[in-house]
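# Topology and contacts: notes
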Amino acid sequence: EQSERDELAKLNLAACRKARAATAYQAAREYATLGLTFLGASAWQRQYEMSLTLHELAAEVAWLCGDFVEMERLIETTLAQAKTPLARMQVYQVKIQSLNSRNEFLAALSTGKSVLQMLGISLPDNPTSEDLQQAKQEIDALIGERSIEELIDLPKMKDAQKLAIIQIADTILPSCYLTGSPLYPLVVALQVKLSIQFGNSLFSPISYVSYAFLLNM
């Protein structure tokens with residue numbers, strides 16, 4: 001009966017998460033594959049959220065196991081079935097990380113720019129000194145009279161779209177840095193601005209540090 005198979009899929013999803021957290025990637029991959037098998041052909045119609053989560057995890061652990069062909073297949077399926085741009089962000093992040101891991105930094109940067117565009121953020125192809133100066137002025141205005149130490153007391157970022165933007169920005173930072181891209185300071189500034197405006201996230205501390213280094217260059 002399908003309800004029983006759905007329950008087994010749910011158990012395999014939980015096991016996959018535990019194995020992933022324990023860095024047992026091959027085991028996590030097997031659990032994810034089993035979970036998707038139990039959900040069956042109409043999974044996206046019947047169990048959308050569980051199917052999305054299992055595909056996200058399966059794509060990530062396929063990458064971590066070095067199976068890029070399977071990773072791409074799972075990513076393409078997820079991109080086709082996901083209902084909203086935000087629902088596609090997790091697999092886009094996996095795609096960018098996999099490109100970084102293979103030293104395909106220009107492809108990672110290009111993908112990241114396209115994804116940020118989907119989220120409403122346009123990065124210039126050829127940033128100018130005026131672009132950088134404007135970004136600095138915007139950050140100065142956002143900080144206002146506050147001390148730098150006060151930034152630690154900002155609330156936690158909760159806006160899902162802003163979290164997705166800062167997460168994708170963080171994922172392309174290595175590509176920007178290692179290719180010497182002029183986008184690097186703009187991506188750092190984007191993270192800092194989002195943090196000050198919408199609250200701190202897991203990615204905020206490194207963006208503050210990176211911005212401080214940029215100011216002292």
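Preceding block: the structure.
Residues numbered from 1 in each chain as written. Predicted model: local features only at pLDDT ≥ 70, side-chain atom pairs only at ≥ 80, totals over all residues. Heavy atoms only, no water.

## Examining the overall build of the protein chain
- Per the secondary structure count, the protein chain includes 11 helices and 0 strands.
- When the helices and strands of the protein chain are read in sequence order from the N terminus, they spell out α-α-α-α-α-α-α-α-α-α-α.
- Seen along its three principal axes, the alpha-carbon backbone of the protein chain occupies a region of about 65 × 35 × 30 Å.
- Taking all 217 residues of the protein chain together, 44% fall into the buried category. (Helix = DSSP H or I, 4+ residues; strand = E, 2+ residues; numbered from the N terminus. Buried < 20%, exposed > 50% of the residue type's maximum accessible area, 1.4 Å probe, protein only.)

## Thoughts on the packing of helix α1 (residues 2–21) against helix α2 (residues 25–39)
- Relative to each other, α1 and α2 sit at 165 degrees, their axes nearing to 8 Å. On the basis of the axis angle, α1 is roughly antiparallel to α2. Where α1 crosses over α2, the handedness of that crossing is left-handed. Only Y25, A27, A28, Y31, A32, L34, G35, T37, F38 and L39 of α2 make contact with α1, whose side of the interface consists of Q2, R5, D6, L8, A9, N12, A15, C16, A19 and R20. (Axes fitted to C-alpha atoms, helices over the stretch in contact; angles between N-to-C directions. Parallel < 35°, antiparallel > 145°, perpendicular 65-115°, else oblique. Left-handed = near helix turned anticlockwise from the far one by under 90°. Contact = heavy atoms within 4.5 Å.)

## Considerations on the packing of aromatic side chains
- With the rule as written, the count across this model stands at 2 aromatic pairs.
- The residue whose ring lies beneath K83 is Y48, and the NZ or CZ to ring-centre distance is 4.3 Å.
- Lying across the ring of F68, R102 places its NZ or CZ 4.0 Å from the centre. (Phe/Tyr/Trp six-rings, centres within 6.5 Å; stacked < 30°, edge-to-face > 60°. Lys NZ or Arg CZ within 6 Å of the ring centre and 35° of its normal.)

## Remarks on helix α6 (residues 89–101)
- In a regular helix each residue adds 1.5 Å, so 13 residues correspond to 18 Å; α6 covers 18 Å between its end C-alpha atoms and thus fits that length.
- Counted residue by residue, α6 has 10 buried out of 13 residues, so it is predominantly covered.
- Buried within α6 are the following residues: M89, V91, Y92, Q93, V94, K95, I96, S98, L99 and N100.
- The inward-facing, buried residues of α6 contact α4 (48–64), α5 (68–81), α7 (105–118) and α9 (160–178). (Expected span 1.5 Å × (residues − 1).)

## Describing the packing of α5 against α6
- Two elements in contact, α5 and α6, have axes separated by 10 Å at closest approach and are oriented at 155 degrees. In terms of orientation, α5 and α6 fall into the roughly antiparallel class. Crossing angle aside, the handedness with which α5 passes α6 is left-handed. Contact residues: α5 offers F68, M71, E72, I75, T78 and L79, while α6 offers V91, Y92, V94, K95, S98 and S101.

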